[in-house]
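Summary of the model geometry
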Amino acid sequence: MKRIPKPVFFIVALLVLAFTFTAVFGVSYYTGDNKNTVVKGISDIRWGIDIRGGVEATFKPAGDVDATDEQLESAKAIIELRMVSDGITDYELYADSSNDRIIVRFPWKSDEKDFDPATAIEEISSTAELTFRPGKSYETTEVGSDGNPVYKTPKDDTTEILMNGSYIKSAQAVVNQEDNSYAVSIEFNDEGKQLFGDITTKYLKKTISIWMDDVMISAPTVDTAITDGKAQITGDFDAESATALANKINAGALPFKLETVSSSNISPTLGENSLTAMAYAGVIAFAVIAVIMIVMYRLTGVIAVISLAGQMGLAIAAVSGYFTTISSFTMTLPGIAGLILSIGMGVDCNVITAERIKEELKQGRTLDGALERGTKNSLSAIIDGNMTVIIVSVILMLVFGPSNILSIIFGESTTGTIYSFGYTLLVGVIANFIMGVFLTRVMLRSISGFKVFRKKGLYGGVKNG
């Protein structure tokens, strides 16, 4: 068996435990009364309607606008985009074309305290107008929540509006293959293609700024006339900033302003104290599993508990927004069920490995031989079981995922909850492979190098062996 340096066990174990702690509790500090979040934890998760309740709102076009079916569907699609971009995956959204109404139900924010529907619906129904303007002159500068400057209120020639967001078909973050840099690709509709071609011809080698209401969100320079309806904004982008700009451009393309017809609270189906009860149940269940694993498998059980903690932390991190490249996610009751199921598969993974090692030791093999053959023989069974679950998870996400055409067939009310189950199950199984398969084996091979830990009894073999 290939040995791994002894200190690796302690390094890996400490990193896994530190990661799990920060994933669960997050990292934040206070500046006066303002909380500044460095790393998101469980408290930053947006809980679904079934757990914490939410808001139901009905919108209509403002004024006397008689929206066409296409405009209403466009407005609905943009509202959906805003929610998905903000990590709101537990929602119901309907367009009533006969009455020019859009009905939406979505959960409260994670930090919501006042539970005011009027304030909550501003998050998705804000009537921000996207505009393209000549130059980049502005009147005031403020500091945003991220510490970066925010340029507000156009002045001088920049007050002229060249075109608005209604001509945009889509915007998305892309990677340039030549230098692997990030950019924002914009595609215009047929009318926008002609208009933007005329604008870029007129303002060649000049700046055209992009504004959301009175806030400048980008100020690119026109390098060449764009007549094919496909533009690209380049600059000092990373994955997060390029995606954020694309989302802002998409969200500012509402075909008309919306006004709220009615709004109301939605009560959670699980009750007000359900989260606390689930948290206690989860802690108790994990403690019981940890004790059983350690009693049954001794040192192998201790390592299994560390890997299970890491698996839980990694699954939570993939939901809370811990990783800046992965958007936060709305956690529903089915989502919690998927997480629990994946943790159960993690327990099964570690039990299979520990049992194979015990069997090899009972057959009289050396400790190194038992660890080598035990981990190797258990791998195929673990992969078979987990790959089946991964396939099912992907199918659920494809069928019931946001913006998927099949969700229209099965009903939009099922989109968020079933998608949530598939998502948490998938990330949990992936975390199981990382923690329960890879890191468990690394820690076992490392700790077995210590003389004090080379007794077979510590791995489930005969105690005097």
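Only a predicted model underlies this, so the values are computations on that prediction, with no experimental measurement involved.

Points about the overall build of the protein
A tally of helices and strands in the protein yields twelve helices and 17 strands. The proportion of buried residues among the 465 residues of the protein is 44%. For the protein, contacts bridging at least 24 residues in sequence account for 71% of all contacts bridging at least 6. With an accessible surface of roughly 23300 Å², the protein has 56% of that area assigned to carbon and sulfur atoms.

Considerations on the layout of surface pockets
For the second largest pocket, the calculated volume is near 1200 Å³. Looking at the second largest pocket, it is lined by 36 residues, and the ones nearest its centre are I42, W47, L275, M278 and A279. Put simply, the parts of the chain that give the lining of the second largest pocket at least two residues each are helix 2 (49-52), strand 16 (258-266), helix 8 (274-320) and helix 9 (333-362). Of all the elements, helix 8 adds the most residues to the lining of the second largest pocket, at 14 residues. Across the lining of the second largest pocket, the residue classes tally to 25 nonpolar, nine polar and two charged.

A closer look at helix 9
For helix 9, built from 30 residues, the straight-helix expectation of 44 Å at 1.5 Å per residue is met to within 8% by its first-to-last C-alpha distance of 43 Å. Positive phi appears at G364, one or two residues downstream of helix 9, with a value of about 90 degrees.

Quick look at the side chain of Q311
Within the element layout of this structure, Q311 appears in helix 8. A polar contact is formed between the side chain of Q311 and the backbone oxygen of S342, at a distance of 2.8 Å. The contacts of Q311, once residues within four sequence positions are left out, are S342, I343, G346, G428, A431, N432 and M435.

A word on a nonpolar patch on the surface
Residues Y280, I284, V288, I292 and M296 make up a contiguous nonpolar surface patch of about 520 Å² in total accessible area. Mapped onto the elements, I292 comes out in helix 8.

A closer look at the sheet that holds strand 6 (residues 101-107)
Read from one edge of the open sheet, four strands run 5-6-4-16, paired in antiparallel fashion. Each edge of the open sheet is held by one strand with a lone partner, namely strand 5 (92-96) and strand 16. Between one strand and the next, the sheet's axes are offset by a mean angle of 15 degrees, whatever the strand orientation. Bridge count for strand 4 (residues 54-61) against strand 6 is six bridges, and the pairing is antiparallel. Considered in strand 6, the bridge of T58 is made with I103.

Considerations on the pairing of strand 6
Of all seven residues making up strand 6, five are buried, and the element is well covered by its neighbours. Note that strand 5 and strand 6 share five bridges and pair antiparallel. Paired with Y94 across the bridge in strand 6 is I103. The hairpin turn running from strand 5 into strand 6, its antiparallel successor, is four residues long, and D100 in that turn takes a positive phi close to 55 degrees.

Description of helix 6 (residues 190-202)
Over its 13 residues, helix 6 extends 19 Å from the first C-alpha to the last, a length consistent with the 18 Å expected when each residue adds 1.5 Å. Those residues of helix 6 hidden inside the fold are in contact with strand 7 (130-134), strand 10 (163-164), strand 12 (182-188), strand 13 (208-212) and strand 15 (230-234). The N-cap residue of helix 6 is N189: its side-chain oxygen and the backbone nitrogen of E191 are 3.3 Å apart.

Details of the nonpolar core
Ranked by internal contacts, the top residues of the largest apolar core, which has 27 residues, are F9, M443, I447 and Y459. Listing elements by their share of this core, those giving two or more residues are helix 1 (7-25), helix 8, helix 9, helix 10 (367-400) and helix 12 (415-447). Looking at which element gives the most residues to this core, the answer is helix 12, with seven residues. Residues in contact with I447, not counting those within four places in the same chain, are F9, L299, I303, F453 and Y459. Of all hydrophobic cores here, the second largest spans 23 residues; its members include I168, F196, Y203 and L245.

Looking at the packing of helix 1 against helix 8
Where helix 1 contacts helix 8, the axes come no closer than 8 Å and their chain directions differ by 40 degrees. Taken together, the axis directions place helix 1 and helix 8 in an arrangement best described as oblique. Between helix 1 and helix 8 lies a crossing of left-handed hand. Contact residues: helix 1 offers F9, A13, V16, F19, T20, A23 and V24, while helix 8 offers I303, I306, A309, G310, M312, G313, L314, I316 and A317.

Quick notes on the rules
- Residues numbered from 1 in each chain as written.
- Predicted model: local features only at pLDDT ≥ 70, side-chain atom pairs only at ≥ 80, totals over all residues.
- Heavy atoms only, no water.
- Helix = DSSP H or I, 4+ residues; strand = E, 2+ residues; numbered from the N terminus.
- Buried < 20%, exposed > 50% of the residue type's maximum accessible area, 1.4 Å probe, protein only.
- Contact = heavy atoms within 4.5 Å.
- Areas by Shrake-Rupley, 256 points an atom, 1.4 Å probe, with all protein chains shown as cover.
- 1 Å grid on protein atoms, 1.4 Å probe; cavity = no way out; pocket = protein on both sides within 12 Å on 5 of 7 lines; lining within 4 Å.
- Points joined across faces, edges and corners; volume = space filled by probe spheres on them.
- Nonpolar A, V, L, I, M, F, W, Y, C, P; charged D, E, K, R; others polar.
- Expected span 1.5 Å × (residues − 1).
- Polar contact = N/O pair within 3.5 Å; in protein donor to acceptor, adjacent residues only side chain to side chain.
- Patch = residues over 30% accessible without salt bridge, like charges linked within 9 Å, V, L, I, M, F, W, Y side chains within 5 Å.
- Salt bridge = Lys/Arg side-chain N within 4 Å of Asp/Glu carboxyl O.
- Pairing = 2+ DSSP bridges.
- Axes fitted to C-alpha atoms, helices over the stretch in contact; angles between N-to-C directions.
- Core = buried A, V, L, I, M, F, W, Y, C linked by side-chain atoms within 4.5 Å.
- Parallel < 35°, antiparallel > 145°, perpendicular 65-115°, else oblique.
- Left-handed = near helix turned anticlockwise from the far one by under 90°.

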